Amino acid sequence: MNHNWPNSSAKTFVILLVGFLGPASNAEEITYEREIRPIFKTHCFQCHGEGGVLQGGLDLRLRRLIAKGGDSGESFVAGQPQESLLVQRLLDGEMPPEEVALRPTAEEIELVQRWITGGAVASRSEPEDLNPDNYITDEEQAFWSFQPVHRQNPPDVQTAARVRVPLDRFIIAKLDANNLTISPDADSRTIVRRVYFDLLGLPPTPDEIDEFLNDSSADAYERMLDRVLNSPHYGERWGRHWLDVAGYADSEGYAEEDPVRPYAYKYRDYVIRAFNDDKPFNQFVIEQLAGDELLTPPFENLTPEQAQKLVATGFLRTAPDGTGVGGVDQDVARNDVMAKTIQIVSTSLTGLTVGCAQCHNHRYDPISHEDYHAIRAIFEPSLDWKNWLAPAKRRVSLYTDADRAKSAEIEAQAIKILDERTIKQNEYIEATFQKELAKLEASLREPIMTARSTPDKERTAEQKKLLKEHPSVNVTASSLYLYDKKAADELKKMADEAAAVRATKPTEEFVRAVWEPTGKAPPPTFLFHRGDHEQPKQQVAPRELTVLTSLKPIELPTNDESLPTSGRRLAYAKWLTSGEHPLVARVIVNRIWLNHFGRGLVPTPGDFGALGVEPTHLELLDWLASEFVESGWSIKELHRLIMTSTAYRQASLRDDKGDTVDADNTLYWRMPVRRLEAEVLRDAVLAVSGELNTTAFGPPVPVMADRVGQFVIGKENLDAGRPGTVIPMNGEDLRRSVYIESRRSRPLSIMEPFDLPRMEPNCTSRNASTVSPQSLLLMNSDFALTRAMQLATRVQRDASDNIDSQITLAWQLAYAAQPTEEELTDAKSFIQGQTDYFAANPPPTTKDAQGTKPADEAFASFCHALLSSNRFLYID
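The present account deals with the structure reproduced in this document. Model, not experiment: these values are computed from the prediction.

A word on the overall build of the chain
Working step 1: What the chain contains, in helices and strands, is 34 helices and eight strands.
Working step 2: A burial count over the chain gives 50% of its 876 residues as buried.
Working step 3: Contacts in the chain between residues at least 24 apart in sequence constitute 70% of all its contacts with a sequence separation of at least 6.

With respect to the pattern of salt bridges
Working step 1: Within this structure, the stated rule accounts for 62 salt bridges.
Working step 2: Residue glutamate 140 pairs with lysine 41 through a salt bridge whose shortest N-O separation is 3.2 Å. In this pair, glutamate 140 sits in helix α6 (residues 138-141) while lysine 41 sits in helix α2 (residues 32-43), placing the two residues 99 residues apart along the sequence. We note that glutamate 140, like lysine 41, is buried.
Working step 3: In this structure, arginine 502 and glutamate 411 form a salt bridge, with 2.7 Å as the shortest nitrogen-oxygen distance. Of this pair, arginine 502 sits in helix α20 (residues 485-502) while glutamate 411 sits in helix α17 (residues 401-438), and the two are 91 residues apart along the sequence.
Working step 4: Taking the relative accessible area as the measure of exposure, arginine 502 reaches 35% and is therefore partly exposed.
Working step 5: What you see here is one network of salt bridges that share partners, running through Glu236, Arg682, Asp683 and Arg736.

Some remarks on helix α32 (residues 821-840)
Working step 1: Compared with an ideal rise of 1.5 Å per residue, which puts 20 residues at 28 Å, α32 spans 29 Å between its outermost C-alpha atoms and is within 8% of the ideal.
Working step 2: Those residues of α32 not exposed but buried are Leu824, Ala827, Ile831, Gln834, Thr835 and Phe838. The arc that holds every buried residue of α32, seen down its axis, measures 105 degrees, which confines them to one face. Along α32, exposed side chains directed more than 90 degrees from the buried face belong to Glu821, Glu822, Ser829 and Ala840.
Working step 3: Taken together, the buried residues of α32 touch α31 (803-815) and α33 (854-867).

So, the side chain of histidine 864
Working step 1: Within the secondary structure layout, histidine 864 lies in helix α33.
Working step 2: From its side chain, histidine 864 meets the backbone oxygen of methionine 779 in a polar contact 3.4 Å long.
Working step 3: For histidine 864, the residues in contact, after removing those within four places along its chain, are Leu778, Met779, Ala784, Leu785 and Ala788.

Here we look at the environment of glutamate 627
Working step 1: Mapped onto the elements of the fold, glutamate 627 is located in helix α24 (residues 618-630).
Working step 2: A residue is classified by how much of its surface remains accessible, and glutamate 627, at 24% relative accessible area, is partly exposed.
Working step 3: Linking glutamate 627 and leucine 734, residues 107 residues apart in sequence, is a C-alpha distance of 39 Å.

So, the packing of aromatic side chains
What describes a pair of aromatic rings is the distance from one ring centre to the other and the angle between the planes of the rings.
Working step 1: Tallied over the full model, the rule gives 27 aromatic pairs.
Working step 2: Look at phenylalanine 281 and phenylalanine 628: their rings are 6.3 Å apart centre to centre, the planes differ by 55 degrees, and that puts the pair in the tilted class. One end of the pair, phenylalanine 281, is in helix α13 (residues 281-290); the other, phenylalanine 628, is in helix α24, with 347 residues separating them in the sequence.
Working step 3: Taking the relative accessible area as the measure of exposure, phenylalanine 281 reaches 3% and is therefore buried.
Working step 4: With a centroid separation of 6.1 Å and an interplanar angle of 85 degrees, the aromatic rings of tryptophan 385 and phenylalanine 528 are classed as edge-to-face. Here tryptophan 385 is found in the loop between α16 (369-379) and β1 (395-397), whereas its partner phenylalanine 528 is found in strand β3 (residues 526-528), with 143 residues between them in sequence. With respect to burial, tryptophan 385 and phenylalanine 528 carry one shared label: buried.

With respect to α20
Working step 1: Taking 1.5 Å as the rise per residue, α20 with 18 residues should run 26 Å; its terminal C-alpha atoms sit 26 Å apart, in good agreement.
Working step 2: Three or more residues of α20 are buried, namely Ala487, Ala488, Leu491, Met494, Ala498 and Val501. In a view along the axis of α20, the buried residues occupy a sector of 145 degrees, so they form one face of it. In α20, those exposed residues whose orientation departs by more than 90 degrees from the buried face are Lys485, Lys486, Lys492 and Lys493.
Working step 3: Close packing links the buried residues of α20 with α17.

Here's the deal with the packing of α24 against helix α25 (residues 635-643)
Working step 1: Between α24 and α25, whose axes approach to 9 Å, the crossing angle comes to 140 degrees. Between α24 and α25, the crossing angle belongs to the class labelled oblique. Read as a crossing pair, α24 and α25 show a hand that is right-handed. Here Trp623, Leu624, Glu627 and Phe628 of α24 come into contact with α25, specifically with Ile635, Leu638 and Leu641.
Working step 2: Grouping the constituent residues of the contact of α24 with α25 by class yields six nonpolar, no polar and one charged.

Description of unusual backbone geometry
Trans peptide bonds make up most of the peptide bonds, and negative phi angles are found at most residues other than glycine.
Working step 1: Looking along the chain, the bond that leaves proline 297 and enters proline 298 is cis, with omega of 0 degrees.
Working step 2: Along the polypeptide, proline 298 turns up in the loop between α13 and α14 (304-312).
Working step 3: The backbone of asparagine 730 sits at a positive phi, close to 50 degrees, despite the residue not being glycine.
Working step 4: With relative accessibility at 71%, the residue asparagine 730 sits in the exposed group.
Working step 5: The residue alanine 816 is not glycine, and still its phi comes out positive at about 55 degrees.
Working step 6: You can see alanine 816 is positioned in the loop between α31 and α32.
Working step 7: Take alanine 816: its relative accessible area is 2%, and that puts it in the buried class.

Observations regarding the environment of arginine 758
Working step 1: By secondary structure assignment, the location of arginine 758 is in the loop between β7 (711-713) and α29 (772-780).
Working step 2: Exposure remark for arginine 758: the relative accessible area of 43% places this residue in the partly exposed category.
Working step 3: Separated by 522 residues in the primary sequence, arginine 758 and glutamate 236 place their C-alpha atoms 19 Å from one another.
Working step 4: Discounting chain neighbours no more than four positions away, the residues touching arginine 758 are Arg744, Pro747 and Glu752.
Working step 5: Here the side chain of arginine 758 touches glutamate 752 through a polar contact of 3.0 Å, side chain to side chain.

Looking at the state of the cysteines
Working step 1: Evaluation of the coordinates by the stated rule reveals zero disulfides.
Working step 2: Considering cysteine sulfurs only, cysteine 359 is the nearest to cysteine 356, which forms no disulfide, with 9.8 Å between them.
Working step 3: Residue cysteine 359 is classed as partly exposed on the basis of its relative accessible area of 32%.

A short note on a nonpolar patch on the surface
Working step 1: Nonpolar side chains collect at one region of the surface, where Leu102, Tyr364 and Leu611 lie side by side and expose about 320 Å² of accessible area between them.
Working step 2: Relative to the helices and strands, tyrosine 364 resides in the loop between α15 (330-350) and α16.

Cut-offs and rules
Residues numbered from 1 in each chain as written. Predicted model: local features only at pLDDT ≥ 70, side-chain atom pairs only at ≥ 80, totals over all residues. Heavy atoms only, no water. Helix = DSSP H or I, 4+ residues; strand = E, 2+ residues; numbered from the N terminus. Buried < 20%, exposed > 50% of the residue type's maximum accessible area, 1.4 Å probe, protein only. Contact = heavy atoms within 4.5 Å. Salt bridge = Lys/Arg side-chain N within 4 Å of Asp/Glu carboxyl O. Expected span 1.5 Å × (residues − 1). Arc of directions from axis to C-beta. Polar contact = N/O pair within 3.5 Å; in protein donor to acceptor, adjacent residues only side chain to side chain. Phe/Tyr/Trp six-rings, centres within 6.5 Å; stacked < 30°, edge-to-face > 60°. Axes fitted to C-alpha atoms, helices over the stretch in contact; angles between N-to-C directions. Parallel < 35°, antiparallel > 145°, perpendicular 65-115°, else oblique. Left-handed = near helix turned anticlockwise from the far one by under 90°. Nonpolar A, V, L, I, M, F, W, Y, C, P; charged D, E, K, R; others polar. Disulfide = S-S within 2.5 Å. Patch = residues over 30% accessible without salt bridge, like charges linked within 9 Å, V, L, I, M, F, W, Y side chains within 5 Å. Areas by Shrake-Rupley, 256 points an atom, 1.4 Å probe, with all protein chains shown as cover.

Keep in mind these numbers describe shape, not what the thing actually does.
So, in structure tokens, the structure goes:
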């Protein structure tokens, strides 16, 4: 083929790339829809077609529009990339400009050249009435996550003896195909520690370990699973996972003030209870998206069950919100709350980055700018930015008529006591006055009595002077104690009695909730050009994403006449949980798998789109999703299904063959080793030291800044008159981490180094980094040193005086294991060495404190080493 190259550098570039990647004639035919359109969509559409923008008169959204060319003439010559203006602009770096869009890669430019060389073909015809703005190609529609869940029978495998449950067949089949084998089972102590940390986020106690080890029944493992799943701590562990994706926080964020959110904790408690009760997940989702629409307004005299449906809508109140503070643009802040709410809903439930279409069509997924606003229209009636509820007004009182009647009855009792007190008080004051008056000259008594009985504003100057000259007669309620302490004490007792009676009134609690105003039409939703609320375009009706309705048309109501609300969120929630939605069950199942194996079957749990990583085991993902729905959306049944598998119960030891074939363990030939999350690490240390306060639910334990700027658990006593005075916590500081205040601007300093997420707006997957501040915290922090001392005290109290017994108990508490003879010998040698060191170098003591014995210091140092070790920090 003859080529007339426009310049030598372009010629060289094309020859090198084609030579490297092979001639187009030897490759599969390149089509516009499959290979080229995604490139243009990512880099070019925003200037060439999208939103009516046609720079240079060129539209790249359809093949026929590209063929029309632009103001400079034809954009390409089929079969001749060297004569094509489109290629020249790409090679010259003129298109797209770097300041406008990300430049295409050399490989992408080469692909465009090969497409033109092959005739610039399209896969199918493009009708004239095809709307390029909402065009979804067959290739986009065929993407795996947009297809219905397809349940396949578990495959046959070579090593059927290792199959415990059907899901094992999917894992082992891939291992067979790669000439790998699943690892042997983990030992009993390893597996019981794994189960307890996975389900409870706490280590098993020695008694719990022994109960499992001593159970000789065939179903000992399953019985242990049931015991752990029935623990109240299960909801605290798995509720925390959901609170991550929901973006839960106890403060508003957005601005520096970061005000606290009163009553937000009720949503946290709702989530924990939901997991403990194994609330069907479809109901869990419906209540969070539309709990208010399951009730009839006004929300008065609510039963506890009804109140919980309102509490559930706190899910839609988790986004950072600056609308309650000054100094912010209210319209911007309100629309940002909506945007962040959509981001939370979409990433948590559908695993899609819908928010990327807020300002333009999604660059990678078939989600249009209009699609985004259609989703917004679902939530607009309850998050109406033009009729906004400030944070303080988003509360529903849980007071019932019975509560009010009881409160009024109690108030009447208190008033009766106070009325009696007032009578007595007046009597005591008058009696005291008469006593004091009698001490004065007779000539003064009548004038003083007259002056005293005269209202203050009507007293003459002489009367005021008279009373001032004889202060002893100025007996008042506040000064009575100076004259008659017995009478004052009696009056105080009556006041305290009235206060005690009032304290028995039902406490008025509130719910931070979402609801729609009734009695008026839902507000219209407009498409905001480029995401700018000041540039509204056409009105958009509520609907599902187009790509998800192509296979099954779904209609959402604009205003459901059968409901007092618009019904939009309720209809959407029911569609999501219908079992026919292609994403929801997959996304939830993937999250459960992720939190058991450290990585999801889809490694990007918040992105099931084109930029996400495709599933390693799609057939298994769909089989689990199908089982999940058929089980009644039971999370606990899903745990049992996964945790009874050989895949879950296998050991984590590496081997050369596995590392060679599958170094990243994507095929699950061994159990991944996982690090404890920040909260679990803190809770585990407290549990092992015997200090953990297991009190559940209620307002969060506060966090404050200490004198060096670290964020610690505590509350400063602002009434103490001097800075740094802290209110005693009375053990509240030892509660589980899920109950510690989650303040966006105050991450707890002992947890932050271990990748504690900040909810901006939510966390779809936690990191597990290894950085030096982690080691420094475990080595030097007051928390670590104090807990080590407490662990030593516990062990020395509970074990005999024999050092072997003490080491063994400490080992069991920390590692759920018995020390080997070698480990026991090494531990005793370490303790003896530390004892000798502390005897020669005693730590400094204060004047009032007695020094700790060297042996006790040494044993505390040993416990510190246990709590700082990788063996404690990781789950095998």
